[in-house]
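Breakdown of the fold
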Amino acid sequence: ETGVTQSPTHLIKTRGQQVTLRCSSQSGHNTVSWYQQALGQGPQFIFQYYREEENGRGNFPPRFSGLQFPNYSSELNVNALELDDSALYLCASSSQGLYTDTQYFGPGTRLTVL
Amino acid sequence: RKEVEQDPGPFNVPEGATVAFNCTYSNSASQSFFWYRQDCRKEPKLLMSVYSSGNEDGRFTAQLNRASQYISLLIRDSKLSDSATYLCVVNMAKFYFGSGTKLNVKP
């Protein structure tokens, strides 16, 4: 087990709604990254948080936003849900720096948008 | 061109076979590389990290060729339990994943 936890495990929403996904990082890790994985694809980088600041962002619209808390846990918020947002959302924790940047994944949240 | 490219497979091999996957990447300045395995509908799990020319862990060997910008994964003596999708990941300031190579090990 990686020690990274995510909640909820599954979620069903309708178009236009908003959703908040949560992630607790592994002990000793100060960086959390979020990924979206559509069926049959590799994970796509959404953004990364380091010490409560956004530290890099992928090609996702502003309706994808996040937070990191002082205990390094994190939230991913998605507004105005679209059908294409249906995917597995993965959180990964790591530390900064070469040789310590290995990412450990939580079990993911499977989001279905109807 | 995608930042990280992998052959999607599937690779269908018998138990005991040796199989190799390649992964190419676009940024020559990349410093860290990883192989993850992912079982169906589960999260990726780290197989190995590669920071220099390669790494070996039991039946698994990863090799990095910086000049040609590719990283390979060799699996020896394949087991049924090795059946999974193998994801190549490159840290190019952000982490870029390939789409994965599917391996089926048959009895």
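Preceding this section is the structure that the text describes.
Now for a description of the structure that goes with this document. Everything numeric in this text was worked out from a predicted model, so none of it was measured. (Residues numbered from 1 in each chain as written. Chains lettered and ligands numbered in written order. Predicted model: local features only at pLDDT ≥ 70, side-chain atom pairs only at ≥ 80, totals over all residues. Heavy atoms only, no water.)

1. Brief notes about the packing of aromatic side chains
Stated formally: For this analysis, a ring pair means two rings from Phe, Tyr or Trp (six-membered ring only for Trp) whose centres lie within 6.5 Å, classed as stacked if their planes differ by under 30 degrees, edge-to-face if by over 60, and tilted for the remaining angles. Burial status follows relative accessibility: with a 1.4 Å probe on protein chains alone, a residue under 20% of its type maximum counts as buried, one over 50% as exposed, and anything between as partly exposed. For helices the rule is a DSSP run of H or I covering at least 4 residues; for strands it is a run of E covering at least 2, with both sets numbered from the N terminus onward.
If you walk through the whole model with that rule in mind, you get 14 aromatic pairs over all chains. For the ring pair Phe 47 of chain A and Tyr 49 of chain A, a centre distance of 5.4 Å and an interplane angle of 85 degrees mean the geometry is edge-to-face. Residue Phe 47 of chain A is classed as buried on the basis of its relative accessible area, which comes to 0%. Between Tyr 36 of chain B and Phe 97 of chain B, the aromatic rings sit 6.1 Å apart at their centres with planes inclined by 40 degrees, giving tilted as the arrangement. Of this pair, Tyr 36 of chain B sits in strand β4 (residues 32-38) while Phe 97 of chain B sits in strand β10 (residues 94-97), and the two are 61 residues apart along the sequence. This pair shows no difference in class: Tyr 36 of chain B is buried, exactly as Phe 97 of chain B is.

2. Quick look at the nonpolar core
All names here are of chain B. We apply this condition: For this analysis, a nonpolar core means a set of buried residues of the types Ala, Val, Leu, Ile, Met, Phe, Trp, Tyr and Cys, connected via side-chain atoms within 4.5 Å. Any two residues whose heavy atoms approach within 4.5 Å at even a single point are treated as in contact.
Counting 25 residues, the largest nonpolar core has Phe 21, Trp 35, Ile 71, Ile 75, Tyr 86 and Leu 103 as its most contacted members. Only β3 (19-25), β4, β5 (45-50), β7 (60-65), β8 (70-75), β9 (84-92) and β11 (101-106) provide two or more residues apiece to this core. Among the elements that make up this core, the one with the highest residue count is β9 (five residues). With sequence-adjacent residues up to four places away left out, Ile 75 is seen in contact with Ala 17, Thr 18, Val 19, Phe 21, Arg 59, Phe 60, Asp 82, Tyr 86 and Leu 103.

3. Structural notes on the sheet that holds strand β3 (residues 19-24) of chain A
Residue and element names in this part refer to chain A. So the rule is basically this: Pairing between strands is defined by DSSP: at least two bridges between the two strands are required. A fitted line through C-alpha atoms represents every axis, and for helices the fit uses only the stretch in contact; the resulting angles, taken between N-to-C directions, go from 0 to 180 degrees.
One open sheet holds the four strands; their spatial order is β1-β3-β8-β7, and the pairing between them is antiparallel. If you trace the sheet from one side to the other, it starts and ends with β1 (5-7) and β7 (64-68), each paired once. Strand-to-strand twist of the sheet, defined as the mean angle between neighbouring strand axes without regard to direction, takes the value 20 degrees. In terms of strand pairing, β1 meets β3 through three bridges, oriented antiparallel. What sits directly across from Thr 5, in β3, is Ser 24.

4. Notes on the sheet that holds β8 of chain B
Residue and element names in this part refer to chain B. Here we have five strands laid out as an open sheet, ordered β1-β3-β8-β7-β6, and antiparallel in their pairing. The open sheet terminates on both sides in strands that have one partner only, identified here as β1 (4-6) and β6 (54-57). Pairwise comparison of adjacent strand axes, ignoring direction, gives a mean angle of 15 degrees for this sheet.

5. Section: the pairing of β3 of chain A
Note that β3 of chain A and strand β8 (residues 74-78) of chain A share five bridges and pair antiparallel. For Arg 22 of chain A, the partnering residue across the bridge sits in β8 of chain A and is Glu 75 of chain A.

6. Notes on the environment of Gly 58 of chain A
Turning to its location among the elements, Gly 58 of chain A is positioned in the loop between β6 (53-57) and β7. In this structure the C-alpha to C-alpha distance between Gly 58 of chain A and Trp 34 of chain A, which are 24 residues apart in sequence, comes to 9.8 Å. When neighbours within four sequence positions are excluded, Gly 58 of chain A is seen to be in contact with Phe 45 and Ile 46 of chain A together with Lys 94 of chain B.

That's the geometry; what it means functionally is another story.
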